[in-house]
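The primary structure of each chain is shown beneath.
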Amino acid sequence: MTQMRIIITGASSGLGEALALHYASNAHQLVLIARREERLQDVAQRCREKGAEVETIVADVNDFERMREIGSELSQDQIDRIILNAGVSVGHGGGVTPFEDFERVFKTNFLSVHALLEPIIPKLMEQKSGEIVFISSLASLFTMPTSIAYSSSKRALNAYAEGLYYQLKPHGITVMTIMPGFIESEMTQKNRFKMPFLMKTEEGIARIAHAIERTKIS
Ligand SMILES: NC(=O)c1ccc[n+]([C@@H]2O[C@H](COP(=O)([O-])OP(=O)(O)OC[C@H]3O[C@@H](n4cnc5c(N)ncnc54)[C@H](OP(=O)(O)O)[C@@H]3O)[C@@H](O)[C@H]2O)c1
């Protein structure tokens, strides 16, 4: 397998951590982004032990100026794949969603994505190659009354991804949207309701990685 430079946001736990470890086994070059430094360094160290070259960036994706800077810095080198995975969920037991929760969820799950990609998209166009992977959710298709903000943010992400797909396909860039169901992670650990078809992290990641590999444009 050819060595790739892969950027993963939200790599300090859950799906992002598992994806980093998955790609580390193929000795890819990884750039891992998240806020919790100790967790991120721990993931990075385990990836290095598997043979990967790893750079870590401690950052809050809600700091949009910082995201744009990071996007520009990352664009100094080849970018083969970027996985937009950082995300948060908030649930409400039937009450009205507070505006502040709506704002936080939209910033993290949706707006931060374009702050980071804005400088990266021209780089990919110049390269005439690269893959953008959005980690959306099955919840983007089915909105529960208890997670309106989360589902709305993920549906907005789908629309954004769809637009980029058509915009970037003629430039040789693959854009894909993954919509997982429930997978074990810190996010799902917090859920107090029954999660149908809850998958072990390893199984979920194996399926996501498989979907990414087979979606490449020819
Ligand atoms: N698990 C599921 O069942 C499931 C299903 C469908 C979709 N998803 C999606 O999968 C993605 C990963 O979720 P997960 O289940 O793996 O949850 P998780 O274990 O809570 O991981 C979330 C990751 O996002 C990062 N993150 C959150 N807010 C951030 C911020 N402001 N700045 C930088 N990084 C931030 C966290 O890192 P720090 O806290 O260190 O910053 C963490 O690495 C999310 O987009 C989620 O919506 C998950």
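Presented here is a report on the structure given in the accompanying data block. (Residues numbered from 1 in each chain as written. Predicted model: local features only at pLDDT ≥ 70, side-chain atom pairs only at ≥ 80, totals over all residues. Heavy atoms only, no water.)

Burial along strand β4 (residues 81-84) is two-sided: the face carrying Arg81 and Ile83 and the face carrying Ile82 and Leu84 are both buried. Looking at chain direction, strand β1 (residues 5-9) and β4 are connected through three bridges and run parallel. If you follow Ile7 over to β4, its bridge partner there is Ile82. Crossover β4 to strand β5 (residues 131-135) through helix α4 (residues 99-127) is right-handed. (Buried < 20%, exposed > 50% of the residue type's maximum accessible area, 1.4 Å probe, protein only. Helix = DSSP H or I, 4+ residues; strand = E, 2+ residues; numbered from the N terminus. Pairing = 2+ DSSP bridges. Right-handed = clockwise from strand over helix to strand, strands pointing away.)

Here the focus is the side chain of Lys154. Relative to the helices and strands, Lys154 is located in helix α5 (residues 148-168). Despite its burial, Lys154 remains without a salt bridge, the nearest opposite charge being carried by Asp60 at 14 Å. Polar contacts involving the side chain of Lys154 include one to the main-chain carbonyl oxygen of Ile135, which spans 2.9 Å. (Lys, Arg positive; Asp, Glu negative; His and termini not counted. Salt bridge = Lys/Arg side-chain N within 4 Å of Asp/Glu carboxyl O. Polar contact = N/O pair within 3.5 Å; in protein donor to acceptor, adjacent residues only side chain to side chain.)

Our focus in this paragraph is the sheet that holds β1. Pairing within the open sheet is parallel, and its six strands lie in the order β3-β2-β1-β4-β5-β6. The two strands at the open ends of the sheet, each matched to only one other strand, are β3 (53-58) and β6 (174-178). Taking the axes of each pair of neighbouring strands and ignoring which way they run, one obtains an average angle of 15 degrees across the sheet. Two elements, strand β2 (residues 29-34) and β3, share six bridges in a ladder whose sense is parallel. Along β3, the bridge assignment pairs Leu32 with Thr56. Packed onto the sheet, helix α3 (residues 64-74) meets β1, β2 and β3 and runs at close to 160 degrees relative to β3. Across the face of the sheet, helix α7 (residues 201-214) comes into contact with β4, β5 and β6 while running at roughly 155 degrees to β6. (Axes fitted to C-alpha atoms, helices over the stretch in contact; angles between N-to-C directions. Contact = heavy atoms within 4.5 Å.)

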